[in-house]
Amino acid sequence: MFPAPVEQLITELSKLPGIGRRSAQRLAFYLLGRPRDDAAALAAAIIDVKDKISFCRRCFNFTEEELCVFCRDARRDDALICVVEEPSDIIPIEKGGEYRGLYHVLGGSLSPLDGIDPEHLRIKELVERVQTGDVAEVILATNPNTSGESTALYIADLLRDKLRVTRLASGLPVGADLEYADEATVSRALMGRREL
Amino acid sequence: MAESYATEAIVLGSRRLGEADRIVDLFTDSRGRVPTVVKGIRKVKSRWGGRLEPFTHLRVQVHEGRNLHTLTSADTIATHAALRDNPACLKPGLSVIEMISRTTPEHHRKPRTYNLMLSFLNEMDRICLDAGSGRLTSLGAGSKGESAPSSNAPHEAAAPDRLRSHAASLALGAQLKILLLAGFLPHLLSCAMCGAKADLTSFSARAGGALCPGCLQDGFRIDPGSLEAMILLLERPLSAVPDLKIGEVQRRQIRRAVREICEYHLGVRLRVEL
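Given the structure is predicted, the values throughout are model-derived calculations rather than measurements. (Residues numbered from 1 in each chain as written. Chains lettered and ligands numbered in written order. Predicted model: local features only at pLDDT ≥ 70, side-chain atom pairs only at ≥ 80, totals over all residues. Heavy atoms only, no water.)

1. Focus: the overall build of chain B
Working step 1: The number of helices and strands found in chain B is six helices and eight strands.
Working step 2: Counting helices and strands in the order they occur from the N terminus, chain B gives β-β-β-β-β-α-α-α-α-β-β-β-α-α.
Working step 3: In chain B, which comprises 274 residues, the proportion classed as buried is 51%.
Working step 4: Put simply, of all contacts in chain B between residues at least 6 apart along the chain, 59% involve residues at least 24 apart.
Working step 5: Accessible area of chain B: about 12,900 Å², with a carbon and sulfur share of 48%. (Helix = DSSP H or I, 4+ residues; strand = E, 2+ residues; numbered from the N terminus. Buried < 20%, exposed > 50% of the residue type's maximum accessible area, 1.4 Å probe, protein only. Contact = heavy atoms within 4.5 Å. Areas by Shrake-Rupley, 256 points an atom, 1.4 Å probe, with all protein chains shown as cover.)

Now the structure itself:
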C-alpha cells in the first residue's frame, strides 16, 4: 500500500514494545513530516546508544564505562546492595533520595510459566558479589507480584545464612484511602505493620 | 453490538501491555478462558491493587471488545494468598495454571474444569493453613529482639517437606483430572496394546497408557505403585489426595506420564516442574 521505504519503517517501528501496526503507521507519517535533521538525530541516537552503552561489570546496570555511575561513586555505601529486576527500577529508588547503597540488576524475575529459571537471571553473579565483597545487607526490591515475590524468596533462601536479607515493604500507598484498598494489599499491610 | 457481562473468574496469569496496562488471562465460569485488558494495573495507585494476581478468585464485570475484552470491575471472592506466597505451593499451583492455560482454548466454557480448579485452590489453601502458613501472629510473638526486619515477608517459615509433597500430589491429582475432563485419560487398568491385566511395567503416551513387557514400544519404565497412585488420584476427590501415600519416585513418574500425554496428544510442552 505504501512505498517500500515507508513499509520498512512501519515494520521496524511495530517491533517496538506496545506499538501495533496502526501506531507504527502514525509514527512513520509523523517522522515523514519532520525535517531531515530530526530524523537523522533520532537515527544517530539509536546507533549511539547501541554502540556506547553496555552492562556494568559489577551490577549489570546500563553504563558507558566499565562500571556504572553508582558503582564508580566512592561516596555510596558498598555494604548495601539493592536487588532490582530491571535497570529502569533504579530510577524511582534514586528519585526517592533515601537510598545511598549500590544496586544489582537481575535482568528479570523468575517465571516458570515463561520458562525463566534462576540460571536465566544474574543470581549467580549476586551470590559471588556477596561472597567476595564486604556486603552487610541485601535489599530485595523485586516487583510485589507473584513472580517478583518468588524471585525474592528464592534469593533470600540462598543468602539468608550469609548476611542480612530484607524485602521492600508492601502495603497501602501513601495518600490512599483504606476504604478502597484490595484484600491482598491490606493483608500485606497487616503483615508488614510496625510498632510506633 | 458490544456488551458487558458479569461472571466469576480465576486469574491464571498476565502479560504486559503498553505503558501501564496488562492482559490478564481470566478463567471464567461462564465463558472459559478469556484474555482481558486491564487498564492502568501497573500503576502504584491502580484501583485494581493486588486483585489480579494469579490464583485470585473474583467476581468480575467485563466489557466485550472487538478483539480483546476489557475489565471494568473486580471484587475478590478469595485471594488464595497463602498458596501464592508459599514456595512449597507456588510451583505446584503454577503447574496446574499452566495446564489449564495451555490446554484450554479461549472462549470455550468449561464448567467442570472451572469447578475442579476452584476445588484445587481451596484444598491448597487448606493444606497451607494446616501447615501453619498464612496466619497473622502478634508482632511480639517469636520475633522480639531479632535484628532483621522479617515481619513483612509473608509465610516465610521454612516449607516442611510434608507440605511440599502434599502440594505436589494435589497438583498431579488436578492435572490428571484435567486430562480426564479433556478426554485424554490414559489407559491404566490393563495393557493399552493387548489388554493383559497383569505385569504392567511401562507407560507410553503414543500407545495411550500402560504397557506389558511384550508390548513395550517407546515408553518408559514405570513402577506398578505409580500406576496405582495414578488410578487413586483419578478416583478420589482432591480433598482425599493429601492422605494418599505417594512417594517422590512415583510422583516423578506420574509427572512424566502427564508431560508425555500433553506433548504427544495436545502438542503442548509443559515447562513448570513440581
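2. Here we look at the environment of Lys177 of chain B
Residue and element names in this part refer to chain B.
Working step 1: Tracing the chain through its elements places Lys177 in helix 4 (residues 161-182).
Working step 2: The sequence separation of Lys177 and Leu116 amounts to 61 residues, and the corresponding C-alpha distance is 8.0 Å.
Working step 3: Apart from residues lying up to four places away in sequence, Lys177 is in contact with Leu116, Leu233, Leu234, Arg236, Pro237 and Leu238.
Working step 4: Here the side chain of Lys177 touches Leu234 through a polar contact of 3.1 Å, landing on its backbone oxygen. (Polar contact = N/O pair within 3.5 Å; in protein donor to acceptor, adjacent residues only side chain to side chain.)

3. Some points on the pattern of salt bridges
Residues and elements named next belong to chain A.
Working step 1: Counted under the stated rule, the structure contains 21 salt bridges over all chains.
Working step 2: The salt bridge involving Lys15 is made with Glu12; its shortest N-O contact spans 3.2 Å.
Working step 3: Judged by relative accessible area, Lys15 falls into the exposed class, the value being 58%.
Working step 4: Owing to a relative accessible area of 37%, Glu12 belongs among the partly exposed residues under this scheme.
Working step 5: Among the ionic pairs, Asp73 bridges to Arg75, the shortest N-O distance being 3.2 Å.
Working step 6: Overall, the relative accessible area of 18% leaves Asp73 in the buried class. (Salt bridge = Lys/Arg side-chain N within 4 Å of Asp/Glu carboxyl O.)

4. A short note on unusual backbone geometry
Backbone geometry follows two general trends: most residues other than glycine have a negative phi, and most peptide bonds adopt the trans configuration.
Working step 1: Even without being a glycine, Phe60 of chain A presents a positive backbone phi close to 70°.
Working step 2: By relative accessible area, Phe60 of chain A is classed as buried at 15%.
Working step 3: Backbone geometry at His107 of chain B places phi at a positive 60°, although glycine is not the residue there.
Working step 4: Within the fold, His107 of chain B resides in the loop between helix 2 (87-103) and helix 3 (111-130).

5. Remarks on the packing of helix 2 of chain B against helix 4 of chain B
All names here are of chain B.
Working step 1: Interaxial distance between helix 2 and helix 4 falls to 8 Å at its minimum, and their mutual angle equals 10°. Here helix 4 runs roughly parallel to helix 2, going by the angle between their axes. Touching Pro87, Ala88, Cys89, Pro92, Ser95, Val96, Met99, Ile100 and Thr103 of helix 2 are Leu163, Arg164, Ala167, Ala168, Ala171, Ala174, Gln175, Ile178 and Leu179, all from helix 4.
Working step 2: Looking at side-chain class alone, the contact of helix 2 with helix 4 contains 14 nonpolar, three polar and one charged residues. (Axes fitted to C-alpha atoms, helices over the stretch in contact; angles between N-to-C directions. Parallel < 35°, antiparallel > 145°, perpendicular 65-115°, else oblique. Nonpolar A, V, L, I, M, F, W, Y, C, P; charged D, E, K, R; others polar.)

6. Regarding the interface of chain A and chain B
Working step 1: Listed as interface residues are 31 residues of chain A and, on the opposing side, 35 residues of chain B.
Working step 2: Carbon and sulfur atoms supply 58% of the area buried between chain A and chain B, which totals about 2,700 Å² over both sides.
Working step 3: On the surface where chain A and chain B come into contact, there are four residue pairs in polar contact (both at pLDDT 80 or more).
Working step 4: Residue assignment for the side of chain A that touches chain B shows that the elements contributing at least two residues are helix 7 (146-159), strand 6 (164-167) and helix 8 (183-191) of chain A.
Working step 5: If you tally residues by element for the side of chain A that touches chain B, the top one is helix 8 of chain A, at six residues.
Working step 6: Its residues assigned to classes, the side of chain A that touches chain B shows 12 nonpolar, 11 polar and eight charged. (Buried area = accessible area lost by both parts, 1.4 Å probe.)

7. Some points on the sheet that holds strand 3 (residues 32-38) of chain B
To summarise the sheet geometry, strands pair through backbone hydrogen bonds and adopt either a parallel or an antiparallel arrangement.
Residues and elements named next belong to chain B.
Working step 1: With mixed pairing, five strands are arranged side by side around a closed barrel as 1-2-3-5-4. Pairs of neighbouring strands in the sheet enclose a mean axial angle of 50°, with direction left out of account.
Working step 2: Inspection of the sheet shows strand 1 (residues 4-17) paired to strand 4 (residues 57-63) by seven bridges, in the antiparallel sense. Within the sheet, the bridge partner assigned to Ser4 lies in strand 4 and is His63.
Working step 3: Running over the sheet, helix 2 touches strand 1, strand 2 (21-28) and strand 3 and is turned about 105° from strand 1. (Pairing = 2+ DSSP bridges.)

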